[in-house]
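Chains, contacts and geometry: an overview
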2 protein chains.
Amino acid sequence: MTYDKLFADALKPLHDEQRYRVFIEIERIAGRCPLATWQSPTGPRTVVLWCSNDYLGMSRHSDVIRAMTETAARTGIGAGGTRNIAGTNSPLVTLERELADLHGKASALVFTSGYVSNQTGISTIARLIPDCLILSDELNHNSMIEGVRQSGVEKKVWRHNDTAALERLLAAEPCRPKLILFESLYSMDGDVAPINRICDLAGRYGAMTYCDEVHAVGMYGARGAGVAARDGAMHRIDVIEGTLAKAFGCLGGYITGSRNLIDAVRSHAAGFIFTTALPPPLCAAATAAIRHLKTSDEERRLQQRHAARLKQVLVAAGLPILPTSTHIVPLMVGDPRLCKQASDLLLSDYGIYIQPINYPTVAKGTERLRITPTPYHDDALIGQLRDALVDVWQRLRLPLANSLVAAE
Amino acid sequence: MTYDKLFADALKPLHDEQRYRVFIEIERIAGRCPLATWQSPTGPRTVVLWCSNDYLGMSRHSDVIRAMTETAARTGIGAGGTRNIAGTNSPLVTLERELADLHGKASALVFTSGYVSNQTGISTIARLIPDCLILSDELNHNSMIEGVRQSGVEKKVWRHNDTAALERLLAAEPCRPKLILFESLYSMDGDVAPINRICDLAGRYGAMTYCDEVHAVGMYGARGAGVAARDGAMHRIDVIEGTLAKAFGCLGGYITGSRNLIDAVRSHAAGFIFTTALPPPLCAAATAAIRHLKTSDEERRLQQRHAARLKQVLVAAGLPILPTSTHIVPLMVGDPRLCKQASDLLLSDYGIYIQPINYPTVAKGTERLRITPTPYHDDALIGQLRDALVDVWQRLRLPLANSLVAAE
């Protein structure tokens, strides 16, 4: 069959470049966070999960599971329709009110995923602005890039987090409507955008701002509204986009903004209109997680404590971590084959699961292990991880922090 | 704020053309299917739901809810990562095996929605075929159209279900790789594609076939695999796409096909790679629904019985339904304002919820009430619906079937 050969051929470059992906099958153990059962080649094994984006362990919080279970018993699982045709369920309406309140905006709109919220949100907003120019941070997520591409609108890319570069682009088009796209917290390097400076520039040059907070909601700010809230800039941003699938432990994504903007996206976005609404039990679970994190600071405090402790321990061991001010701890390898080997050894010989991050998720030459401590990764687990990493670094003769610095 | 005015302006044409959408907020009552609680302007009211795509009521089946609840307790809710980074959970792997078996294919791939499975599935497949020409049925769903658009590949549209028109397009490009896109069952008219004839032509002219079965899976064929299975054509189709959000009562979408094709999409589709995996409890629930419908024929039998009965009763009352051989019963109105008024009257005065279907979901002038009987819509409910419709048709002076025929 000739078509099948085309698909087989499409896999060859991935094998050749050592970036063919083999998915690791696990099942997390809700009562023993952060443990999971790995379906290893020789059968099920218990491992420690160190790379999940269920950042605060909310996916297994008793309030969250109870909300899902009770709602499923009361109303069933699937929404059974698009938002317009029988799918607008009360738990979803409640969730949108909760999200609007979280970010201090008039309205919120829920999508089936964070990816879709960026893709269809950005493409719809940009198309509704005549002669729009998009200014996009160079490290923005694939979902934002796809949103820009789908809009068909002209885009200029500014150097990552470089507000001088952004200002040059803004100043070059003083009269044109402009939409600035950026993330508050970049997930692979763990660094943070200069949000207030971006808002200053947006005000000066008459641009709209769209900020992706998916790796920050739940984890920063007094009520878990994100980095913009922590930095006192939330009210200055026109559109805040977030996810229910990371710190809130569920599934789905959203945008928040003014009543007219949300109504216009609701009314014009094909990727919103023509798809089944989020199931009521998931909406209720997400609402429970958001409400808990609006008042409880304990998860955020423990996560930050463990992240700080982990960085301190790995630096002391000479391991080459990228310095960050956030909960994300990137451990640099710089080679796809070695990165995969280090991950494989950690899993097979030490029962530690950290997925290797290779191209295209990060640039070639910056391959890494991306470590995400949660409130449940205590000092004993941190010590165990350090010992395993030091062993693996020696076995694979990977460079330590000092030698990396010397090589630069 | 000038940007906000643009978004307000984008809503005006919708109001002017009487197609501004007001979402009806409901909560279905799991133990009293097909009843739901409507948040009416004067407070909560119990209504009968006649327009849900939870076609078989599986969203509230005890096996399905139990699978969700037990899995949530065991492993938590959210998957906590993309498929590549900690998100490949055992219930999801099991679900993909179940779907491959359902459609008799080597492999299956689950997406966050049916919309995304078409959008990213079609765009990825088409881009992996050099010099591909897409031949698309003119009534294909928006998600398929978006997939074609994103692929950037040349497309030709053939007249709906017209295999002579399809053959002319195929014959015009004998040497070029071709991808035929169609649905097995079109949701708004309730008609069915000539699947075997399309497969004959694909074989004769060397084209690949991609069939969307979202309005058929669970409901047709001995094991609920869809219309292609019922017509003995399932093995002839290269890619079968389906949903978990309609007859299977949950959320998510999928494609099934050869091992190489699925592996290539898995490895290249941005809309698959960069998004959080489906939650384990939803995967387990979907698997339970699929397994139930593989062996139980009762739901399909009752749905078909009620659909046949409803059509008979509405025809006898002179109401202008579009004749169909499927479970979908379109009641034609032909005017957006009257269609909305009929729906509003049914809801406010008779406690019956049927969403008006207006442009852009259907062509202007073909506005309709789309009625979807389930196994739970018994003869008493059917009689009640007929009486309400006859009243509303008289009150609004809507045309009856005979007068429609006479007018043509």
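For the structure itself, look to the data block above.
Residues numbered from 1 in each chain as written. Chains lettered and ligands numbered in written order. Predicted model: local features only at pLDDT ≥ 70, side-chain atom pairs only at ≥ 80, totals over all residues. Heavy atoms only, no water.

Here's the deal with the overall build of chain A
- Summing up its helical and strand segments, chain A has 16 helices and 14 strands in all.
- For 408 residues, the compact-globule formula gives about 22 Å, and the C-alpha radius of gyration of chain A, at 22 Å, lands near that figure.
- Counting only C-alpha atoms and orienting by the principal axes, one finds that chain A spans roughly 60 × 60 × 55 Å.
- Counting every position in chain A, which comprises 408 residues, the buried fraction comes to 66%.
- The contacts in chain A between residues at least 6 apart in sequence include a share of 72% that link residues at least 24 apart.
- In chain A, 44 side chains carry a positive charge and 42 a negative one; their mean positions are 1 Å apart. (Helix = DSSP H or I, 4+ residues; strand = E, 2+ residues; numbered from the N terminus. Rg over C-alpha atoms; globule rule 2.2 N^0.38 Å. Buried < 20%, exposed > 50% of the residue type's maximum accessible area, 1.4 Å probe, protein only. Contact = heavy atoms within 4.5 Å. Lys, Arg positive; Asp, Glu negative; His and termini not counted. Charge placed at Lys NZ, Arg CZ, Asp CG, Glu CD.)

Some thoughts on the interface of chain B and chain A
- Between chain B and chain A, the contact holds 102 residues from the first and 103 residues from the second.
- Of the roughly 8,500 Å² buried where chain B meets chain A, counting both sides, 58% is carbon and sulfur surface.
- The interface formed by chain B and chain A contains 2 salt bridges.
- The partner of Arg74(A) in a salt bridge is Glu27(B), and the shortest N-O contact between them spans 2.6 Å.
- Of the residues assigned to the side of chain B that touches chain A, the class counts are 55 nonpolar, 29 polar and 18 charged. (Buried area = accessible area lost by both parts, 1.4 Å probe. Salt bridge = Lys/Arg side-chain N within 4 Å of Asp/Glu carboxyl O. Nonpolar A, V, L, I, M, F, W, Y, C, P; charged D, E, K, R; others polar.)

Comments concerning the sheet that holds strand β11 (residues 329-332) of chain B
Residue and element names in this part refer to chain B.
- Taken in spatial order, the 3 strands of this open sheet run β11-β14-β13, and their pairing is antiparallel. Each end of this open sheet is capped by a strand with a single partner; those strands are β11 and β13 (356-357).
- In terms of strand pairing, β13 meets strand β14 (residues 368-371) through 2 bridges, oriented antiparallel. Bridging across to β14, Ile357 finds its partner in Arg368.
- Running over the sheet, helix α14 (residues 336-350) touches β13 and β14 and is turned about 45° from β14. (Pairing = 2+ DSSP bridges. Axes fitted to C-alpha atoms, helices over the stretch in contact; angles between N-to-C directions.)

Some details on the sheet that holds strand β13 (residues 356-357) of chain A
Residue and element names in this part refer to chain A.
- A sheet is described by the order of its strands in space; here 3 strands give the open sequence β11-β14-β13, paired in antiparallel fashion. On the outer flanks of this sheet lie β11 (329-332) and β13, each paired with one strand and no other.
- Of the pairings in the sheet, the one linking β11 to strand β14 (residues 368-371) comprises 4 bridges and is antiparallel in character. Note that in β14 the partner of Pro330 across the bridge is Arg370.
- Contacting β13 and β14, helix α14 (residues 336-350) runs over the sheet at an angle of about 45° to β14.
- Across the sheet, helix α15 (residues 379-395) is in contact with β11 and β14; its angle to β14 comes to roughly 180°.

Observations regarding the pairing of strand β5 (residues 133-137) of chain A
All names here are of chain A.
- Extensive coverage of β5 is indicated by the burial of 5 of its 5 residues.
- Burial of β5 is two-sided: the residues Leu133, Leu135 and Asp137 facing one way and the residues Ile134 and Ser136 facing the other way are all buried.
- Of the pairings in the sheet, the one linking β5 to strand β6 (residues 154-158) comprises 5 bridges and is parallel in character. The residue bridging Leu133 from the neighbouring strand is Glu154, located in β6.
- Each parallel crossover has a hand, and for β5 linked through helix α6 (residues 142-151) to β6 it is right-handed.
- The pairing of β5 with strand β7 (residues 178-183) spans 4 bridges and is classified as parallel. Opposite Ile134, over in β7, you have Leu179 as the bridge partner. (Right-handed = clockwise from strand over helix to strand, strands pointing away.)

Re α14(A)
All names here are of chain A.
- In a regular helix each residue adds 1.5 Å, so 15 residues correspond to 21 Å; α14 covers 21 Å between its end C-alpha atoms and thus fits that length.
- Here α14 has its buried residues at Cys339, Ala342, Ser343, Leu345, Leu346 and Leu347.
- Along its buried surface, α14 packs onto β2 (35-40), β3 (43-49), β12 (352-353), β13, β14 and α15.
- The N-capping residue of α14, defined by a side-chain oxygen 3.0 Å from the backbone nitrogen of Arg337, is Asp335.
- Following α14 by one or two positions, Gly351 adopts a phi angle in the positive range, close to 65°. (Expected span 1.5 Å × (residues − 1). Polar contact = N/O pair within 3.5 Å; in protein donor to acceptor, adjacent residues only side chain to side chain.)

Some details on the relation of the copies chain B and chain A
- It takes a turn of 180° to lay chain B on chain A, together with a shift of 0.0 Å along the axis; the resulting RMSD is 0.0 Å. Overall, the copies show the geometry of a two-fold rotation axis. Considering only C-alpha atoms, the part of chain B nearest the rotation axis is Thr69(B), at 2.9 Å.
- In this assembly, 100% of the residues forming the interface of chain B have copies in chain A that are likewise at the interface, indicating an isologous arrangement. (Least-squares fit on C-alpha atoms with pLDDT ≥ 70 in both.)

A look at the nonpolar core
- Membership of the largest hydrophobic core comes to 132 residues, with the highest contact counts inside it found for Phe182(A) and Phe182(B).
- The contacts of Phe182(A), once residues within four sequence positions are left out, are Asp137(A), Asn140(A), Met144(A), Trp158(A), Ala193(A), Ile195(A), Ile198(A), Thr209(A), Tyr210(A), Cys211(A), Asp212(A) and Ile237(A).
- Counting residues in hydrophobic clusters, the runner-up holds 66 residues, among them Val265(A), Tyr115(B), Val116(B) and Ala126(B). (Core = buried A, V, L, I, M, F, W, Y, C linked by side-chain atoms within 4.5 Å.)

Quick word on the packing of aromatic side chains
- Evaluation of the coordinates by the stated rule reveals 4 aromatic pairs over all chains.
- An angle of 70° between the planes, with centres 5.7 Å apart, marks the rings of Phe111(A) and Phe272(A) as edge-to-face. A residue pair is termed long-range when its members are at least 10 positions apart, and Phe111(A) in strand β4 (residues 107-111) and Phe272(A) in helix α11 (residues 270-273) qualify at 161 residues. The exposure classification of Phe111(A) matches that of Phe272(A), with both residues buried.
- For the pair Phe272(A) and Phe23(B), a centre-to-centre distance of 6.3 Å together with 35° between the ring planes defines the contact as tilted. With Phe272(A) in helix α11 and Phe23(B) in the loop between α1 (2-16) and β1 (26-28), the pair connects residues from two separate chains. An identical accessibility class is assigned to Phe272(A) and Phe23(B); each is buried.
- Taken together, the ring pairs connect Phe23(A), Phe111(B) and Phe272(B) into an aromatic cluster.
- Here the basic side chain of Arg266(B) rests over the ring of Phe23(A), its NZ or CZ set 4.5 Å away from the ring centre.
- Taking NZ or CZ as reference, Lys364(B) lies 4.5 Å from the ring centre of Tyr359(B), over its face. (Phe/Tyr/Trp six-rings, centres within 6.5 Å; stacked < 30°, edge-to-face > 60°. Lys NZ or Arg CZ within 6 Å of the ring centre and 35° of its normal.)

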